[in-house]
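Chain by chain, the residues:
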Amino acid sequence: MLYRCLYFIGLLFVFSSCSSDDGPGYQEPYQPGQEPEGEEEILSDSELLEKVQQQTFKYFWDFAGENSGLARERSQDDAYGGEGRNIVTIGGSGFGLAAFPVAVERGWISRAQATERLEKILDFLEEVPTYHGAFSHWYLDDVAQTRPFGDMDDGGDLVETAFLMQGLLINRQYFAEETSISERITELWEAVEWDWYTQGENVLYWHWSPTYNFQKDLKIQGWNESLMVYVLAASSPTHSIEPEVYHQGWASNGAMVNNRQHYGLELPLGPSYGGPLFFAHYSFIGLDPRNLSDQYANYWDQNTAHSLIHYNYAIDNPRNYEGYGENSWGFTASDNYEGYSAHSPANDLGVITPTAALSSFPYTPEDSMKALRYFYEEMGDKLWGPYGFYDAFSEEENWVADGYLAIDQGPIITMIENYRTGLLWDLFMQDEEIQAGLDKLEFNY
């Protein structure tokens, strides 16, 4: 999922509802042209947020892998040589798992249903091959075996593992009274050998393969979506890294800081225009950025500026693409009319990805609401489907994606919830091991 976003690897759903029974069930393909009509009455902001969250959650509940209960990588059954529906994603599943407490709190599923599904997911995670405790990027749902993601990528993926652990630790906190759940999550968490992935250096490496060892040779260095990796690595009670790994590896001895300016906004970290917006979302499903800072940045300021830069860029619209404006903005990794790319103002193909603006609700609530109403009320007959908004669209190209991706759906539910209640931030930040890790890295929070 994630390094594919950074390296712009081109990658080559299904009407159901959150019913009262727990069965995941295989869903028949959702046919274009069968999109449900939008509501005739005007929904309040709260009602619309709830509708979008609940509809999007169906991707992780009704469309989950039949054997694993994990999130399918994408909805198109003909993807990846016909394996599309059989591939489950570890990072995307972490985002979906983080939404389980939201679903219980909002009454979409019962607590008993959630724990039953969690037991099923844990059964699968305990069965699949792991690599010094880290999980692979993809697994095959039916046989519980690693499905290679790409060249020399048939083993552990530390970034995917971090996003899975983020979701699991949120559930460990929420379901603390269900000792079977919490103890099994703890065993998986404590098994990850974060320190081993340093190769004895002051940096973490993204991949390890039993076939290719560390030949992939991709260091996890900032600024990108991977802050969570270093926070978890520092927080591990069994395989913790030293602070030097964070400062020298992730932050490159401070070289991560560049203090760019765009549209009059100070941007401490990141590439030109901040990069794709998933940088501001993936690690912050659990990490609460509201009071989070270290010697390199204030992360609330960083993420808010990043979101506003995207908003202002869409208004500026220097390439004059059809449909851009204050009501239609947001660029991140997603499908497009040519394949797949990590869209950003610096890689602008005329494509808007709904998750970008919607997952930015905590940072830009008014501007995100304008985008939400446009997506739902103006584009809804084309863009709204069985699992919420389709992945992306381009008015310039008269194109709308024909499916969904787990990594784009999950942050919509969770970041909207953090805007509404702060639930997932509260759960994750209450974890005493996470607090110890943040203290170790000298964060203020």
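Conventions and cut-offs
Residues numbered from 1 in each chain as written. Predicted model: local features only at pLDDT ≥ 70, side-chain atom pairs only at ≥ 80, totals over all residues. Heavy atoms only, no water. Helix = DSSP H or I, 4+ residues; strand = E, 2+ residues; numbered from the N terminus. Rg over C-alpha atoms; globule rule 2.2 N^0.38 Å. Areas by Shrake-Rupley, 256 points an atom, 1.4 Å probe, with all protein chains shown as cover. Pairing = 2+ DSSP bridges. pLDDT = per-residue confidence, 0-100. Contact = heavy atoms within 4.5 Å. Salt bridge = Lys/Arg side-chain N within 4 Å of Asp/Glu carboxyl O. Buried < 20%, exposed > 50% of the residue type's maximum accessible area, 1.4 Å probe, protein only. UniProt positions renumbered as here; feature names shortened; annotations may be inferred. Axes fitted to C-alpha atoms, helices over the stretch in contact; angles between N-to-C directions.

Caption draft 1: Representation of the overall build of the protein in the model. A count of helical and extended segments in the protein gives 17 helices and 13 strands. Relative to the compact-globule value of 22 Å for 445 residues, the protein shows a C-alpha radius of gyration of 20 Å, a close match. Across its three principal axes, the protein shows a C-alpha extent of roughly 55 × 50 × 40 Å. Accessible surface, the protein: about 15200 Å² in total, of which carbon and sulfur atoms supply 42%.

Caption draft 2: Quick peek at the pairing of strand S6 (residues 257-262). In this structure, S6 lies alongside strand S7 (residues 265-269), joined through four bridges in antiparallel fashion. Opposite Gln261, over in S7, you have Glu266 as the bridge partner. Where S6 folds back on S7, the antiparallel hairpin that results is connected by two residues, among which Tyr263 adopts a positive phi of roughly 55°.

Caption draft 3: A look at the confidence of the model for the protein. For the protein, the average pLDDT comes to 92, and 91% of its residues sit at 70 or higher. Taken as a whole, residues 1-39 scores under 50 in pLDDT and shows 135 contacts with residues more than four places along the chain or in a different chain.

Caption draft 4: Molecular detail of the pattern of salt bridges. Evaluated as defined, the whole model comprises 17 salt bridges. As a salt-bridge pair, Arg373 and Asp45 come within 2.9 Å of each other at their nearest N and O atoms. Highlighted residues: Arg373 in helix H13 (residues 365-378) and Asp45 in helix H2 (residues 45-61), separated in sequence by 328 residues. Taking the relative accessible area as the measure of exposure, Arg373 reaches 18% and is therefore buried. Two residues, Arg184 and Asp123, come together in a salt bridge whose shortest N-O distance is 2.6 Å. Taken together, the residues Arg184 in helix H8 (residues 179-191) and Asp123 in helix H6 (residues 111-127) connect sequence positions 61 residues apart. When salt bridges that share partners are traced, they join Glu50, Arg106, Glu417 and Arg420 into one network.

Caption draft 5: Examining helix H9 (residues 227-235) more closely. Judged by how many residues are buried, H9 sits mostly within the fold: nine of nine residues are covered. Here the buried face of H9 lies against helix H7 (158-174), H8, helix H10 (243-250), helix H11 (299-316), helix H16 (423-429) and helix H17 (432-440).

Caption draft 6: Here's a closer look at the side chain of Ser136. If you trace the backbone, Ser136 turns up in the loop between H6 and strand S2 (138-140). The buried category is assigned to Ser136, whose relative accessible area is 1%. Excluding residues that lie within four positions of it along the chain, Ser136 makes contacts with Ile90, Tyr131, Thr146, Arg147, Gly155 and Asp157.

Caption draft 7: Looking closely at the UniProt feature "domain: Glycoamylase-like" (unreviewed entry) in the protein. Mapped onto the present numbering, the UniProt feature "domain: Glycoamylase-like" (unreviewed entry) falls on residues 219-430. Strand forms 13% of residues 219-430 and helix 38%; the C-alpha atoms that close the span are 30 Å apart.

Caption draft 8: Fine view of the sheet that holds strand S3 (residues 145-146). Spatially, S1-S2-S3 is the arrangement adopted by the three strands of the open sheet, whose pairing is antiparallel. The open sheet has two free edges, formed respectively by strand S1 (87-89) and S3, since each of these has just one partner strand. Relative to S2, S1 runs antiparallel, the two sharing three bridges. Note on S2: the bridge partner recorded for Thr89 is Trp138. Helix H4 (residues 90-98) rests against S1 and S2 of the sheet, and its axis sits at about 60° to S1.

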